[in-house]
Amino acid sequence: MTLKYLIQKEFLQIRRNVFLPRLIMVFPIAIMCILPWVMNMEVKNVVVEVVDNDRSTASQQLVHEIEASRYFIFGGQKASYAEALSDIERSKADVIVEIPIHYSRDMANGLNPQVLIAANAVNGTKGSMGSAYMSQIVSTQMKSGKIGAEPLYLYNKNLNYKLFMIPALMAILIMLLCGFLPALNIVGEKEAGTIEAINVTPVSKITFIMAKLIPYWIIAIIVMTICFLLSWLVYGITPQGNILLIYLIAILLAFVFSGIGLIVSNYNESMQQAVFVMWFIVVCLMLLSGLFTPARSMPHWAFVTTYVNPMTFFIDAIRTVFVRGGDFQSICPQVVKLAIVAFIMDTWAIVSYKKNNK
């Protein structure tokens, strides 16, 4: 019964707070409705200039294909490579395509003419992605009429980046709401001095910590429900797998970060300290998890950290279920790892909390 009344107290505190109820409702809506549109790794509006040394029908066909691409802004044809390079140096162009002499004749003879693609790599992402898109256009034209390979996408067939981002945004919401709020809750009570009223009671440590954790586990379920509704209403995206599996791994992640938040609050005496420590932990776990970029692309020493990173386990599991439609067997290793980390963090949170009445 004591736990029941303590949980009621926590919900009363949340409801009476001017800021928290609005944050819990508005923050997921803002994240889900805004970030999928702006956090897009596609590179568009790349200004391309063409130097056509062949002036043939085939070369002009390539120029028209570049003009028609939705990724590029056609900057016109230049008389020489030096003139186009001058625009690159003045940041008026991003990519140069130089079509060689005898381009059409070499294609007709079955040869592979060498088309020069020069990209401005001051912005590394824009330069590399722009040159990759351009290489695909050039190679596609060279293979026209020949037997070539055509990709078959089994999952996310339209290459919709929002479908890739929505599970990641769910992870960020749970991490921030279930990590920061419990940490600031206890530290706020320490600064206000109200936590002393609990410390002088016979309430056990485990009861007190569970009363702090359970409300935020419920908040995690509410946030996930809001995310599912928004992904369906705004983007028309629904989970391909069992939605209960997604709730399962979301609750486990909430267990992990609510435990981390309470651990931080147990070792800090002010909100400023708690915020800095939590921010350090959250940023490191987020950037080293493969949340936005493939984990395999990281250096080996950084990739090794993914073996103990709960965010990596969650991202792998939710994308398997949400995008690919995987079953429990396909995410069983991630579920077990998340459960182990959650048990360690929540146990640590209970053990590290110190009551003053001895």
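For the structure, check the block above.
Residues numbered from 1 in each chain as written. Predicted model: local features only at pLDDT ≥ 70, side-chain atom pairs only at ≥ 80, totals over all residues. Heavy atoms only, no water.

Visitor: Got a minute to help me understand the side chain of Lys212 in this structure?
Guide: Within the fold, Lys212 resides in helix H9 (residues 205-235). Not counting chain neighbours up to four residues away, the residues in contact with Lys212 comprise Lys9, Glu10, Gln13, Asn185, Ile186, Glu189 and Leu262. (Helix = DSSP H or I, 4+ residues; strand = E, 2+ residues; numbered from the N terminus. Contact = heavy atoms within 4.5 Å.)

Visitor: For this particular structure, what's the right way to read a nonpolar patch on the surface?
Guide: A cluster of nonpolar side chains, namely Ile34, Trp37, Val38, Leu229, Trp232, Leu233 and Val234, defines an oily patch on the protein surface of about 760 Å² accessible area. Every element with two or more residues in the nonpolar patch is listed here: helix H2 (20-38) and H9. Counting residues per element, the nonpolar patch draws most heavily on H9, at four residues. (Patch = residues over 30% accessible without salt bridge, like charges linked within 9 Å, V, L, I, M, F, W, Y side chains within 5 Å. Areas by Shrake-Rupley, 256 points an atom, 1.4 Å probe, with all protein chains shown as cover. Salt bridge = Lys/Arg side-chain N within 4 Å of Asp/Glu carboxyl O.)

Visitor: Looking at this structure, I do not really get the sheet that holds strand S4 (residues 116-119). What am I missing?
Guide: Backbone hydrogen bonds are what pair the strands of a sheet, in a parallel or an antiparallel way. Taking strand neighbours across the sheet as the criterion, the four strands line up as S2-S1-S3-S4 in an open arrangement whose pairing is mixed. The open sheet is flanked by strand S2 (72-77) and S4, the only strands paired with a single partner. Taking the axes of each pair of neighbouring strands and ignoring which way they run, one obtains an average angle of 20 degrees across the sheet. Note that strand S1 (residues 46-52) and strand S3 (residues 95-99) share five bridges and pair parallel. Looking across to S3, one finds that Glu49 is bridged to Ile96. Across the sheet, helix H3 (residues 57-68) is in contact with S1, S2 and S3; its angle to S2 comes to roughly 140 degrees. The strands that helix H4 (residues 81-89) touches are S1, S3 and S4; relative to S3, the one it contacts most, it runs at about 170 degrees. (Pairing = 2+ DSSP bridges. Axes fitted to C-alpha atoms, helices over the stretch in contact; angles between N-to-C directions.)

Visitor: In this structure, what is going on with the pattern of salt bridges? I would like to understand it.
Guide: Two side chains with opposite charge may pair up if their charged atoms get near one another. One pass over the structure, following the stated rule, counts three salt bridges. We note a salt bridge from Asp87 to Lys78, for which the minimum N-O separation is 3.5 Å. The same class applies to Asp87 as to Lys78, namely buried. Here Asp87 makes a salt bridge to Arg90, at a shortest N to O gap of 2.7 Å. Residue class for Arg90 comes out partly exposed when judged on its relative accessible area of 47%. In this structure, a network of salt bridges that share partners links the residues Lys78, Asp87 and Arg90. (Buried < 20%, exposed > 50% of the residue type's maximum accessible area, 1.4 Å probe, protein only.)

Visitor: Help me understand the nonpolar core, please; the structure alone is not making it clear to me.
Guide: Proteins that are soluble and globular tend to have nonpolar side chains buried together. Grouped together as the largest cluster of nonpolar side chains are 86 residues, with contacts concentrated most on Phe314 and Phe322. If sequence neighbours within four positions are ignored, Phe322 has contacts with Leu163, Ile166, Pro167, Met170, Phe228, Ser231, Ile237, Thr238, Pro239, Gln240 and Ile246. One finds Val46, Ile66, Phe72 and Ile99 within the second-largest nonpolar core, a separate group that totals 19 residues. (Core = buried A, V, L, I, M, F, W, Y, C linked by side-chain atoms within 4.5 Å.)

Visitor: Mind showing me how you'd approach the packing of aromatic side chains here?
Guide: Aromatic ring pairs are defined here through the distance separating the ring centres and the angle between the ring planes. The final tally for this structure, using the stated rule, is five aromatic pairs. Note on Phe180 and Trp279: the rings are 6.2 Å apart at their centroids and 50 degrees apart in plane angle, and the pair reads as tilted. Of this pair, Phe180 sits in helix H7 (residues 161-192) while Trp279 is found in helix H11 (residues 271-287), placing the two residues 99 residues apart along the sequence. For Phe180, a relative accessible area of 13% corresponds to the buried category. Taking the centre distance of 4.1 Å and the plane angle of 55 degrees together, the rings of Trp217 and Phe255 count as tilted. Of the two residues, Trp217 sits in helix H9 while Phe255 sits in helix H10 (residues 243-267), which places them 38 residues apart along the sequence. Its relative accessible area of 21% is what places Phe255 among the partly exposed residues. (Phe/Tyr/Trp six-rings, centres within 6.5 Å; stacked < 30°, edge-to-face > 60°.)

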